[in-house]
Amino acid sequence: MTAAAPTTAMDRIGGMAKRILMSEYLILYLCIVMFVGLYLMSPTVATPRNISNLLSNMWPLLVIAVGQTLVLIIAGIDLSQGAVVSLASVVGAAFIAQSAQPIVFSKSPLWGVMLFEDGAILHDSAAGIPVAIIAMLGVGLLIGALNGIAVAFARIPPFMVTLVTSMFVGALAIYLVKTENIIDLPDAFSIIGDDFAIGFDGLEFFSIAMVIAIGISVVAHFLLSRSIFGRWLYGIGHNPRAALVSGVPVKKVIVATYIFSSVCAAAASIIYTARVDQGRPTLGAPLLLDIIAAVVIGGTSLFGGRGKIIWTVFGVVFLVLLGNALSLLNVPFFYVAIVKGSVILLAALLDVVRRRLALQQA
């Protein structure tokens, strides 16, 4: 028998590099390194006020990213989430605004139907806020169903379907209010976006948004790891034809996944709308880059069949921390977009490298 070649230092380094690249906690390690490095340059990052700000920015983005994670696992993509945020924001506010100015909304299709000079149609009703929230979630459900049906039954590529949906829904949100914001929402609704200090001096870490984000994340984690639906998602992502032959109701699962994605976007819209205290027709416009970045950075594969909710949590933390770092270092806005785009590209490259390493180890 031929003796095995002795292990060299380069082999050991290469093996260690592979283990790091394949580690589920790679992004978490990078978050720790980034936080420590940023602290050395700007200790402000560790102040209670800044940590509260980080958490506040994290929750709604995590809600949307969880929905995108499930879509990417089935080798799809949902580019309409930002538009869903915008339309849901307008629809919800149109039910509960405390006042509306005729000079601003007289040309809006909602004027005289849902918006009046003394307030929205349900501004003085105890059922107003619950109805508004249900309507916002209903917007997500409807748009998600349309996306899923087009992808699953019409077999239109998901990129094209959700891109067109994004354009149409985003334009509809602007048309309904003629580019104006619906302001003066009730305090009982705005409290959803507030943070509360509990137990720590100056650290406002508890919020209704946190409960929503953690709840949705736990449900999604359970679906992926402990349910037959999760196994169906991974099966479709790996090979939809094999999944169909195996008895997986592929079309129904695809529709359900896009519905979940859009409902997550609508849930995030509730948080964002409460936070800005107005129904804004362009509220979700800047979010698309961050949504895709968070999920891909976390490690969910663009090729389908691979992803976990905990990875998405790491990705969201990384992206929020990166944005916070750039802000604390006073980096100009256009450089922020360049940096985020570069990070997405590197994350996509990492996904390709991981796939090749996995095939070599198989």
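Before any of the text, the structure's been laid out above.
Residues numbered from 1 in each chain as written. Predicted model: local features only at pLDDT ≥ 70, side-chain atom pairs only at ≥ 80, totals over all residues. Heavy atoms only, no water.

Enquirer: Would you mind showing me how to read the overall build of the chain here?
Expert: Secondary structure summary: the chain contains 15 helices and four strands in total. Each principal axis of the C-alpha distribution contributes one length, and for the chain these read about 90 × 55 × 35 Å. For the chain, contacts bridging at least 24 residues in sequence account for 77% of all contacts bridging at least 6. In the structure as shown, the chain presents an accessible area of about 17800 Å², 70% of it carried by carbon and sulfur atoms. Within the chain, the 16 negative side-chain charges are centred at a point lying 22 Å from the centre of the 20 positive side-chain charges. (Helix = DSSP H or I, 4+ residues; strand = E, 2+ residues; numbered from the N terminus. Contact = heavy atoms within 4.5 Å. Areas by Shrake-Rupley, 256 points an atom, 1.4 Å probe, with all protein chains shown as cover. Lys, Arg positive; Asp, Glu negative; His and termini not counted. Charge placed at Lys NZ, Arg CZ, Asp CG, Glu CD.)

Enquirer: It is not clear to me how the pattern of salt bridges should be interpreted in this structure. Could you clarify?
Expert: Side chains that differ in sign of charge can pair as their charged atoms come close. In the structure shown here, the tally under the stated rule is two salt bridges. The shortest N-O distance in the salt bridge between Glu24 and Lys308 comes to 2.8 Å. Of this pair, Glu24 sits in the loop between helix H1 (9-22) and helix H2 (26-41) while Lys308 is found in the loop between helix H13 (288-298) and helix H14 (309-328), placing the two residues 284 residues apart along the sequence. (Salt bridge = Lys/Arg side-chain N within 4 Å of Asp/Glu carboxyl O.)

Enquirer: Where do I start with the packing of helix H3 (residues 48-73) against H14 in this structure?
Expert: Between two packed helices, the angle of one axis relative to the other and the distance separating the axes together describe the packing. Interaxial distance between H3 and H14 falls to 8 Å at its minimum, and their mutual angle equals 140°. Between H3 and H14, the crossing angle belongs to the class labelled oblique. Judged by the twist between their axes, the crossing of H3 over H14 is right-handed. On H14, the residues that touch Asn50, Asn53, Leu54, Asn57, Met58, Leu61, Leu62, Ala65, Val66, Thr69 and Leu70 of H3 are Ile309, Thr312, Val313, Val316, Val317, Leu319, Val320, Leu321, Asn324 and Leu328. Partitioning the contact of H3 with H14 into residue classes produces 15 nonpolar, six polar and no charged. (Axes fitted to C-alpha atoms, helices over the stretch in contact; angles between N-to-C directions. Parallel < 35°, antiparallel > 145°, perpendicular 65-115°, else oblique. Left-handed = near helix turned anticlockwise from the far one by under 90°. Nonpolar A, V, L, I, M, F, W, Y, C, P; charged D, E, K, R; others polar.)

Enquirer: Would you mind showing me how to read the packing of H2 against H14 here?
Expert: Direction vectors running N to C along H2 and H14 enclose 20°, while the axes themselves pass 9 Å from each other. Taken together, H2 and H14 sit at an angle that is classed as roughly parallel. At the point where H2 passes H14, the crossing takes the left-handed sense. Together, Ile27, Leu28, Leu30, Cys31, Met34, Phe35 and Leu38 of H2 and Phe314, Gly315, Val317, Phe318, Leu321, Leu322, Ala325 and Leu328 of H14 make up the contact between the two elements. In terms of residue class, the contact of H2 with H14 is made up of 14 nonpolar, one polar and no charged.

Enquirer: Please clarify how the environment of Ile51 should be interpreted in this entry.
Expert: In this structure, Ile51 sits in helix H3. Considered as a pair, Ile51 and Leu321 are 270 residues apart in the sequence and their alpha carbons are 9.7 Å apart.

Enquirer: What am I meant to see in the side chain of Thr165 here?
Expert: Mapped onto the elements of the fold, Thr165 is located in helix H7 (residues 158-177). At 2.8 Å, the side chain of Thr165 forms a polar contact with the backbone oxygen of Val161. Beyond its immediate chain neighbours, meaning those up to four positions away, Thr165 contacts Ser80, Ile143, Asn147 and Gly170. (Polar contact = N/O pair within 3.5 Å; in protein donor to acceptor, adjacent residues only side chain to side chain.)

Enquirer: Is there a simple way to explain the side chain of Ser217 in this structure?
Expert: Position of Ser217 among the secondary structure elements: in helix H9 (residues 208-226). By relative accessible area, Ser217 is classed as buried at 9%. Polar contacts involving the side chain of Ser217 include one to the main-chain carbonyl oxygen of Ala213, which spans 2.8 Å. Contact partners of Ser217, with chain neighbours within four places excluded, come to Leu62, Val66 and Ile309. (Buried < 20%, exposed > 50% of the residue type's maximum accessible area, 1.4 Å probe, protein only.)

Enquirer: It is not clear to me how unusual backbone geometry should be interpreted in this structure. Could you clarify?
Expert: Excluding glycine, residues mostly have negative phi values, and the peptide bonds linking residues are mostly trans. Of note, the phi angle at Ala75 is positive, near 65°, even though the residue is not glycine. Examined against the element boundaries, Ala75 turns out to sit in the loop between H3 and helix H4 (81-96). On the basis of relative accessible area, Ala75 is assigned to the partly exposed category, the value being 39%.

Enquirer: Please clarify how H13 should be interpreted in this entry.
Expert: Side chains that are three or four residues apart share a direction in an α-helix, a result of its 3.6 residues per turn. Of all 11 residues in H13, nine are buried, a share of seventy percent or more. All buried positions along H13 are accounted for by Asp290, Ile291, Ile292, Ala293, Ala294, Val295, Val296, Ile297 and Gly298. Immediately downstream of H13, the backbone of Gly299 shows phi near 125°, a positive value.

Enquirer: I'm lost on H7 in this one. Help?
Expert: If you check H7, its first and last C-alpha atoms are 29 Å apart, about what 20 residues at 1.5 Å a residue would give, namely 28 Å. Restricting attention to buried positions, one finds in H7 the residues Pro158, Val161, Thr162, Thr165, Val169, Gly170, Ala173, Leu176 and Val177. The buried side chains of H7 occupy one side of the element, clustering within an arc of 145° when seen end-on. Away from its buried face, by an angle of more than 90 degrees, H7 presents the exposed residues Met167 and Phe168. (Expected span 1.5 Å × (residues − 1). Arc of directions from axis to C-beta.)

Enquirer: How do you make sense of the environment of Leu163 when you look at a structure like this?
Expert: Along the chain, Leu163 falls in helix H7. In the structure, Leu163 is positioned 127 residues away from Asp290 in sequence and 16 Å away in space, judged by C-alpha atoms.

Any functional reading would require information beyond the geometric quantities listed.
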